Amino acid sequence: MVVVSHGRRGSFLAHTDTAAALADAGFVVAAINHPGDTAKDSSRTDEFSVLVERPADIKRLTDFMLSGWEHAAVIDTRRVGLFGFSRGAYTGLVVIGGNPDFGALAALCEKAAASTQKCLDVRAGRVPTDPPVHDPRVRAAILADPPLFDGLFTRERLAGVTIPILLWRSALGGDGVVPDGIDALVQLLPARPDYRIVPNSSHFSFVIPCPPKLAETAPVLCTDPPGFDRQAFHREFNDAAIVFFRMHLRTTENGHD
C-alpha cells in the first residue's frame, strides 16, 4: 500500500495520475484531504496545528486502511510506502522519523518581520512542543519538493530517518520552496537518498497534468517553464515510483516477493 499526502492548500486529487499508475501496478493507494489545509478549506493553513496534525492524519489513514477498511485483508502490513509532495513531503519526513524544531522559525520571522499566524505564535511563545507523530510501518518514501528552512531539521533531528527515500526536487522551486534548501537536506540525512533533480521544472510540475478547466481557473498550478512537458515528465515520474516501491517494499518471507 502507498499513502499520499498532498501539498499546502491542495487535495487528494492532486496526484491522481500517480495513484492510478501505482494501482495499475498492483498497489493499494490511499489519499486524504488534510483538514484545514485544502483548496476548499484553508482555514488553518498558516497555523502550527496543521504542521503538527498532518503526520497524525497520515497515521490515522494507515490505521484505517490496515484495520477498518472492508478490504484490509488484501494489504500486506509489512509493505507500506508513502508519497508526499511539497508540504506533504514535509509531512512524510516527519512520519518516517524526522523531528522538526518549530522554534527555528523565530529567526525567519525576525528577518522577514512576517505577520503570519505562525510568526505571531512564535513571538508569543506558543510553539508546539509535543513529540511528533512517527509511523514505523512506512518502509519506503517518495518525497517531492519539500519546503524547508534553516534549522527546521538538523542532522540530529533526522537521525531516525533510516528507510529508503526517493527525493525529487524541481529545478526552479516556487511557492516557498527553495532548491538550495532541498540540496542541504540531502547532506543532513543519515544515508544519501536517491536524489533526482528535474531539469527546467517548477514546483507545481509535480502536480497532475491539468485538464483545460483547471488550467483556466488555476493557472499558477498548471503553468510550467517554457519547453517543459509535464505529461512526459509524469510518465517518467510514475514509472520511477513503481520501480522504487517494488524494489523497497518487497518481502522475502516464505520465498515470495
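From a predicted model like this one, the values you see are computed outputs, not experimental measurements.

(A) Quick look at the sheet that holds strand S1 (residues 2-5). If you walk across this open sheet you meet the six strands as S2-S1-S3-S4-S5-S6, and the pairing is parallel. The outermost strands of the open sheet, each flanked by one partner alone, are strand S2 (29-31) and strand S6 (194-198). For this sheet, the mean angle separating the axes of adjacent strands, direction not counted, is 20°. Examined bridge by bridge, strand S5 (residues 165-170) and S6 share five bridges and lie parallel to one another. Opposite Leu167, over in S6, you have Tyr195 as the bridge partner.

(B) Structural view of the pattern of salt bridges. Considering all chains together, one arrives at 13 salt bridges under this definition. The partner of Asp46 in a salt bridge is Arg8, with the nearest N and O atoms 3.4 Å apart. One end of the pair, Asp46, is in the loop between S2 and helix H2 (48-68); the other, Arg8, is in the loop between S1 and helix H1 (16-24), with 38 residues separating them in the sequence. Here Asp46 falls in the partly exposed class, since its relative accessible area comes to 28%. Among the salt bridges present, the one from Arg60 reaches Asp57, with a minimum N-O distance of 2.5 Å. Within this pair, Arg60 and its partner Asp57 are both found in helix H2, separated by three residues, close to a single helical turn. If you follow the salt bridges from partner to partner, you end up with Lys59, Asp63, Asp135 and Arg137 in one network.

(C) Representation of the state of the cysteines. Counted under the stated rule, the structure contains two disulfides. Disulfide pairing places Cys109 opposite Cys119 at an S-S distance of 1.9 Å. Because the sign of the S-S torsion sets the handedness, a value of about -85° for the bond joining Cys109 and Cys119 places this disulfide among the left-handed ones. Linking Cys109 in helix H4 (residues 105-112) with Cys119 in helix H5 (residues 117-123), this pair joins segments that are ten residues apart in sequence.

The rules we used
- Residues numbered from 1 in each chain as written.
- Predicted model: local features only at pLDDT ≥ 70, side-chain atom pairs only at ≥ 80, totals over all residues.
- Heavy atoms only, no water.
- Pairing = 2+ DSSP bridges.
- Helix = DSSP H or I, 4+ residues; strand = E, 2+ residues; numbered from the N terminus.
- Axes fitted to C-alpha atoms, helices over the stretch in contact; angles between N-to-C directions.
- Salt bridge = Lys/Arg side-chain N within 4 Å of Asp/Glu carboxyl O.
- Buried < 20%, exposed > 50% of the residue type's maximum accessible area, 1.4 Å probe, protein only.
- Disulfide = S-S within 2.5 Å.

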